[in-house]
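# Inside the fold
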Amino acid sequence: RGDSTVADRQVDSVCPYCGVGCQLTYHIKDDEILYVEGRDGPSNQNRLCVKGRFGYDYPRHPSRLIAPLIRREGVAKGLDPDFDPAQPLTHFREASWDEALAFAASGLIDLKATYGPDALAGFGSAKCSNEEAWLFQKLVRTGFGSNHVDHCTRLCHASSVAALMECIGSGAVTASFMQAEQADVVILIGCNPAVNHPVAATFFKQAAKRGTKLLILDPRGQALDAYAHQSVRFSPGSDVALFNAMLNVIISEELYDTTYIAEHTEGFEALKMHTVDMTPEAMSGLCGVEPDTIREVARLYANAERAMIFWGMGISQHTHGTDNARGLISLALACGQTGRPGTGLHPLRGQNNVQGASDAGMIPMVMPDYQPVSDSQVRAAFEELWNTKLDPTPGLTVVEIMDAIAAGTIRGMLIQGENPAMSDPDLDHARAALAKLEHLVVQDLFVTETAQFADVILPASAWPEKNGTVTNTNRQVQMGRAAVPLPGQAKPDWWITQEIAKRFGLDWNYQHPRDVFAEMKQGMASLDHISWERLEREQSVTYPCSADDAPGADVVFSDAFPTASGRAKFSPTRPLPPDEPVDSDYPTVLTTGRQLEHWHTGSMTRRAKVLDDLEPEAVASLGPAEFIRLGMAPGDELTIATRRGSITLKARTDPGMPEGMVFVPFCYGEAAANLLTNSALDPYGKIPEFKYAACRLSRSDVA
Ligand code: SF4
């Protein structure tokens with residue numbers, strides 16, 4: 001930062017990456033971001049991880065879309081193997097906004113006119129603001145005329161939300177991660193915060209240093225093990241067996257909280273009966289944990305004065321993901337570990353605004369604030385607000401929409417900032433579905449893998465170019481501010497959605513995101529006492545909030561749960577095998593996820609120079625024993641094959657990986673992990689089993 005790079009202005013905003021929601025300041029000169037610093041936000045206290053600090057330059061990447069594009073006539077849809085974002089586009093031509101919007105909307109309108117509302121669907125984005133999410137789901141519901149609207153929550157915590165809604169009546173966290181510092185015991189399970197929620201991980205480390213006992217339960221080892229009171233490795237996919245064994249210990253040793261159970265829950269007697277035979281000895285073979293260790297962990301959690309459970313996608317991304325979350329909820333309810341400082345249930349949310357996009361109703365079965373579309377009173381309220389009739393039928397979810405395209409029932413889509421050609425399971429199937437669409441409109445920053453299937457691409461806004469609110473994993477609604485101007489002809493996403501809505505004949509006239517926020521407050525009680533002006537002033541307010549000058553509730557459900565009876569419900573579960581168990585042909589477990597430096601499908605971070613320099617190429621992580629078994633050295637090329645396809649990439653040693661398991665991040669298009677993954681769904685959350693597929697490993701030179 002020499003004299004020539006001294007910033008001429010600063011803009012306060014929020015990090016665009018993970019659900020921690022770190023507040024930051026952009027330092028800007030001549031409308032370019034020079035550097036980023038953390039601010040004293042409630043969830044980061046001035047800290048940032050490598051993505052927040054260095055991942056700010058992607059909006060100025062040379063491949064940024066700066067004009068609308070329309071597919072040239074006769075060019076087939078599909079991934080172009082020679083696609084080079086640095087070269088002029090050959091498959092698309094530039095168009096004016098008027099032409100592109102008319103083409104985008106008319107294609108969708110024609111399909112609706114011919115085949116009805118169920119022929120259209122929309123994927124919105126958890127990278128957009130709350131206001132943009134609200135408008136997107138409103139366009140699908142009132143313009144397209146169906147509830148076929150979903151987003152990446154379906155691929156991350158849909159099963160957690162399904163279990164939380166069923167058992168405690170609310171899909172959000174019951175306490176912030178800052179509460180970990182007041183807990184005596186913290187369970188981290190199926191998550192790797194040092195990689196995926198790095199600033200939240202610093203709160204866990206601080207808590208451990210102050211005496212909180214961290215219990216880390218996972219098939220894989222991780223960096224936070226160094227801070228753990230105890231780390232327990234269990235067999236992949238065996239979570240339910242482990243939880244039932246812990247419940248058996250807590251019940252048989254009468255460690256449960258009799259008063260809490262009597263006053264706040266229902267169904268405990270059934271849970272007692274259900275787990276009576278699931279002793280640590282009976283479950284040990286399934287979960288791979290010694291009975292004494294199960295007893296020790298169960299006693300530590302149950303005997304703690306204050307204890308919290310945090311979980312990630314190692315819990316949710318299974319065909320029994322909802323059962324996994326039900327098990328964790330049962331543990332917390334049995335031990336009375338909710339509703340007080342230092343207690344709670346916290347699914348660590350992934351995207352920066354996946355909580356807010358879900359709250360705003362970008363979910364096919366619920367309207368904003370998780371109100372069921374099938375409820376006539378709920379629909380009546382929104383019909384009055386929006387002056388239209390609404391479809392009472394819950395819509396299809398992400399993978400179901402792909403299946404419906406393949407089946408020929410969905411024919412047109414609007415995709416805003418999502419990249420299903422990289423993020424969906426069984427990519428060959430997903431990509432074939434995208435190619436089959438008769439009309440695909442993509443709204444994005446770059447020609448992503450998904451945009452290569454589009455009929456028309458609309459250049460959208462990056463987070464540092466947006467004004468709007470965003471809600472993090474802690475239920476903190478925060479203000480994001482545009483730091484730099486939009487490049488070329490790119491437009492705000494809310495403006496694009498409104499222009500499409502107008503062409504559907506909808507009478508929309510929002511002038512600014514604050515107008516949208518004002519409408520949201522009419523349909524979302526969760527935003528009571530949270531105004532745009534207040535967020536401008538205070539930066540962050542937690543919902544639910546009881547007064548205009550109250551800070552919002554960091555811990556909820558002290559007195560009652562938001563269920564019909566006011567009580568939480570135990571939901572017993574039974575261990576089930578993965579959809580595709582390993583066998584002699586495919587003997588290794590494939591699991592997928594993120595890297596510290598790269599975000600999801602890589603469309604942003606692989607265009608951020610520092611981050612891409614740090615992790616420039618696709619790698620798979622293996623334990624040392626697998627290298628010996630395969631006769632390989634770190635850096636050698638590995639071929640991974642499943643029943644759906646194969647990829648080849650470099651292998652890296654990770655001492656935390658257990659024998660018989662391989663990890664592949666899903667951000668690399670040149671070795672797309674999701675070519676391998678299984679699209680089997682959890683029956684409740686409809687989330688695919690990204691965390692377990694049977695695969696076969698071989699050295700690439702002998703594959
Ligand atoms: Fe951004 Fe998450 Fe890192 Fe914070 S922890 S800087 S929100 S990626």
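Notes on the structure in this doc start here. (Residues numbered from 1 in each chain as written. Predicted model: local features only at pLDDT ≥ 70, side-chain atom pairs only at ≥ 80, totals over all residues. Heavy atoms only, no water.)

## Remarks on the sheet that holds strand E12 (residues 307-311)
What links the strands of a sheet is backbone hydrogen bonding, and the strands pair in either a parallel or an antiparallel sense. Put simply, the test is: Two strands are said to pair when DSSP picks up at least two bridges between them. Secondary structure elements follow DSSP: runs of H or I no shorter than four residues count as helices, runs of E no shorter than two count as strands, and numbering proceeds from the N terminus. An axis is simply a line fitted to the C-alpha atoms; with a helix, the fit covers only the stretch in contact. Between two such axes, the angle follows the N-to-C directions and lies from 0 to 180 degrees. Residues are treated as being in contact if the distance between any of their heavy atoms lies within 4.5 Å.
The 5 strands are arranged E10-E9-E8-E12-E13 in an open sheet whose pairing can be described as parallel. Every other strand in the sheet has two partners, leaving strand E10 (230-232) and strand E13 (344-347) as the edge strands with one partner each. Put simply, the sheet's adjacent strands are angled 15° from each other on average, direction ignored. Across 3 bridges, the pairing between strand E9 (residues 213-217) and E10 is parallel. Residue pairing in the sheet places Leu-215 in a bridge with Gln-230 of E10. Across the face of the sheet, helix H12 (residues 291-303) comes into contact with strand E8 (185-189), E9, E10 and E12 while running at roughly 130° to E10.

## Quick look at the site of the ligand
Short version of the rule: The rule for a residue being near a molecule or strand is that one of its heavy atoms must lie within 4 Å of it. Grid points spaced at 1 Å over the protein atoms alone were grouped into cavities, where a 1.4 Å probe fits but cannot get out, and pockets, open sets with protein on both sides within 12 Å along at least five of seven lines, with lining residues defined by an atom within 4 Å of a point. Grid points define the cavity or pocket, and a molecule sits in it when more than half of its atoms lie within 2 Å of them.
The environment of the ligand is made up of Cys-15, Tyr-17, Cys-18, Val-20, Gly-21, Cys-22, Leu-48, Cys-49, Lys-51, Gly-52, Pro-198 and Val-199. In this structure the site holding the ligand corresponds to the largest cavity. For the shell around the ligand, the secondary-structure elements that each account for two or more residues are helix H1 (50-54) and helix H7 (198-209).

## Looking at the pattern of salt bridges
Inclusion rule: Any carboxyl oxygen of Asp or Glu that lies within 4 Å of a side-chain nitrogen of Lys or Arg is treated as forming a salt bridge with it. For every residue, the accessible area obtained with a 1.4 Å probe (protein chains only) is divided by the maximum for its type, and the residue is called buried under 20%, exposed over 50%, and partly exposed between those limits.
The final tally for this structure, using the stated rule, is 40 salt bridges. A salt bridge links Asp-292 to Arg-295; the nearest nitrogen and oxygen atoms lie 3.9 Å apart. One end of the pair, Asp-292, and the other, Arg-295, are both in helix H12, 3 residues apart, so they sit about a helical turn from each other. Look at Asp-292 and you get exposed, because its relative accessible area is 57%. For Arg-534, the salt bridge identified is with Glu-538, shortest N-O distance 3.0 Å. Of this pair, Arg-534 and Glu-538 are both found in helix H22 (residues 532-538), 4 residues apart, which corresponds to roughly one turn of the helix. Residue Arg-534 is classed as buried on the basis of its relative accessible area of 3%. Through salt bridges with shared partners, a single ionic network connects Glu-32, Arg-60, Arg-64 and Glu-465.

## Focus on empty space enclosed by the protein
The following threshold applies: Grid points are joined across faces, edges and corners, and a volume is the space filled by probe spheres set on the points. Note on residue categories: nonpolar means Ala, Val, Leu, Ile, Met, Phe, Trp, Tyr, Cys or Pro, charged means Asp, Glu, Lys or Arg, and polar means any other residue, Gly included.
Taken as a whole and assessed by the stated rule, the structure comprises 3 cavities of 30 Å³ or more. Together, Cys-15, Tyr-17, Cys-18, Val-20, Gly-21, Cys-22, Leu-48, Cys-49, Lys-51, Gly-52, Pro-198 and Val-199 line the largest cavity. Class assignment for the residues of the lining of the largest cavity results in 9 nonpolar, 2 polar and 1 charged. As a volume, the second largest cavity reaches approximately 60 Å³. Around the second largest cavity, the lining residues are Asn-130, Gly-356, Asp-359, Ala-360, Thr-471, Val-477, Met-520, Met-524, Ser-526, Leu-527 and Tyr-543. Looking at side-chain class alone, the lining of the second largest cavity contains 6 nonpolar, 4 polar and 1 charged residues.

## Observations regarding the packing of aromatic side chains
To keep things clear, this is the line we draw: Ring pairs shown here join Phe, Tyr and Trp side chains whose ring centres sit within 6.5 Å, with only the six-membered ring taken for Trp; geometry is labelled stacked below 30 degrees between planes, edge-to-face above 60, and tilted in between. Two conditions define a charge located above a ring, namely a distance within 6 Å from the ring centre to NZ of Lys or CZ of Arg, and an angle within 35 degrees of the ring normal.
Scanning the entire structure with this criterion turns up 14 aromatic pairs. Between the aromatic rings of Phe-557 and Phe-561, the centroid separation amounts to 5.5 Å while the plane-to-plane angle is 45°, which identifies the pairing as tilted. With a relative accessible area of 17%, Phe-557 lands in the buried category. The rings of Tyr-17, Tyr-58 and Trp-599 are connected pair by pair, giving a single aromatic cluster. If you follow Lys-491 out to its NZ or CZ, it ends over the ring of Trp-495, 4.8 Å from the centre.

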